[in-house]
Amino acid sequence: MEISIVIPVYNKAAYLEHCLASIFRQDYDDYEIVAVDDGSTDGSAALCDSLAAGNPHLRVVHQPNAGVTAARRRGVETARGRYIVFVDPDDELLPGALAAQHQAIERTGADEVIAPYCTQHGRLRDSGWRGWVDTDVLIADLLKTHNSFAVLWSVIFKRQLLEDCLGAPRVIVEREDILMQFKCLMKKPKVYFAHRPAYCYHEGLPNDRVEDLAMVKAYDQELKATLSPQWERWKSAYVGHQIKVYEKFVDKRQFHVLRDYYKPLRRQLSSDIPLQDRIVIMLPPPVAYPLVHCYKQLRRLLLR
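Residues numbered from 1 in each chain as written. Predicted model: local features only at pLDDT ≥ 70, side-chain atom pairs only at ≥ 80, totals over all residues. Heavy atoms only, no water.

**Some details on the sheet that holds strand 2 (residues 31-38)**
So the rule is basically this: Here the rule is simple: two strands pair whenever DSSP picks up at least two bridges between them. Numbering of helices and strands starts at the N terminus; helices are DSSP runs of H or I of at least 4 residues and strands are runs of E of at least 2. Every residue pair with non-hydrogen atoms within 4.5 Å of one another is taken to be in contact. Each axis is a line fitted through C-alpha atoms, taken for helices only over the stretch in contact, and angles between the N-to-C directions span 0 to 180 degrees.
If you trace the 8 strands from one edge of the open sheet to the other, you get 3-2-1-4-10-6-11-9, paired in mixed fashion. Edge strands, defined here as strands with exactly one partner in the open sheet, are strand 3 (58-63) and strand 9 (131-132). Pairing analysis gives 7 bridges linking strand 1 (residues 3-9) to strand 2, with the strands arranged parallel. Residue pairing in the sheet places Ile 3 in a bridge with Tyr 31 of strand 2. Each of strand 1, strand 2 and strand 3 is contacted by helix 2 (residues 44-53), which is oriented at about 155° to strand 3, the strand it contacts most.

Laid out in structure tokens, this is it:
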């Protein structure tokens with residue numbers, strides 16, 4: 001078995017058939033789909049079983065609800081393929097994606113091959129990187145919260161690279177995919193950027209995930225532990241990352257976080273943190289709000 005496609009499924013019955021159809025239509029046959037039903041209550045579990053009965057490529061694993069990271073981890077543990085591809089159940093693979101990604105990782109010997117992706121509205125999301133890219137460049141980009149490249153979907157991984165990378169605490173329900181990529185990149189893998197889009201991400205779909213202060217604290221603790229083998233290299237960038245997350249709270253007018261958590265960041269500022277970030281963290285949150293909000297609005301417009 002060459003490729004295992006892992007799909008974590010939780011209450012996605014409305015989208016699941018469309019997602020699976022995009023995989024069944026691929027012009028590549030040496031694959032399996034491992035759909036992990038994470039305690040769904042909307043009929044997704046029965047739908048998965050029904051679809052598996054009619055397609056030998058699809059296997060279904062059922063487990064009590066444990067969160068998306070645990071579902072992905074269970075899928076990888078169950079998978080039989082040399083390579084792993086992740087697909088979310090409300091997204092789809094683009095035509096020819098499996099064949100192109102498999103050819104790229106076989107030809108290059110990369111540990112992961114990252115491709116551009118598009119949205120359901122036809123907007124291309126492309127980092128512009130091609131060929132080999134140094135892992136330090138990618139870690140720095142993620143710490144700046146630029147999210148310039150796909151971190152989990154639109155990527156094909158060597159199975160071994162994912163070992164010990166899917167252990168995020170359940171409380172982390174946002175950016176868990178980025179945390180997984182941080183853990184992969186800290187292993188210094190060979191990362192190759194392909195030119196052909198491989199994935200269609202359906203943006204704007206409803207979800208009940210909340211990025212609250214408790215989650216952010218847990219995320220920062222896990223991220224710091226991940227970066228700790230090279231802490232002196234990444235310490236300032238980590239503080240800059242915390243400031244960027246703080247800006248998200250300011251943009252939502254959730255000013256209480258300065259008192260509860262981010263006020264200590266003022267004592268960690270150094271000259272290698274960009275001036276604009278130092279200014280934001282030093283200003284009172286209501287004063288920082290218009291600056292942060294205008295910047296984020298402009299960035300959203302540019303990314304459309």
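**Observations regarding the side chain of Gln 181**
To be explicit about the condition: Accessibility here uses a 1.4 Å probe with only protein chains present; expressed as a share of the type maximum, an area under 20% marks a residue as buried, one over 50% as exposed, and anything in between as partly exposed.
Inspection of the secondary structure assignment puts Gln 181 in helix 6 (residues 176-185). According to the relative accessible area criterion, Gln 181 is buried, its value standing at 0%. Once residues lying within four places of it in the same chain are set aside, the contact partners of Gln 181 are Glu 112, Leu 142, Phe 149, Val 151 and Phe 157.

**Description of the pairing of strand 4 (residues 83-86)**
The two faces of strand 4 match: Tyr 83 and Val 85 on one face and Ile 84 and Phe 86 on the other face are all buried. Direction of pairing for strand 1 relative to strand 4: parallel, over a ladder of 4 bridges. The residue of strand 4 that forms the bridge with Val 6 is Phe 86. Of the pairings in the sheet, the one linking strand 4 to strand 10 (residues 155-158) comprises 3 bridges and is antiparallel in character. Counted as the bridge partner of Ile 84 is Phe 157 from strand 10.

**Regarding the sheet that holds strand 7 (residues 117-119)**
Here 4 strands make up an open sheet; going across it, the order is 5-12-7-8 and the pairing mixed. The sheet terminates laterally at strand 5 (92-93) and strand 8 (124-125), the two strands that pair on one side only. Here strand 7 pairs with strand 8 via 2 bridges, running antiparallel. Each bridged residue has a counterpart across the sheet, and for Tyr 117 the counterpart in strand 8 is Arg 125.

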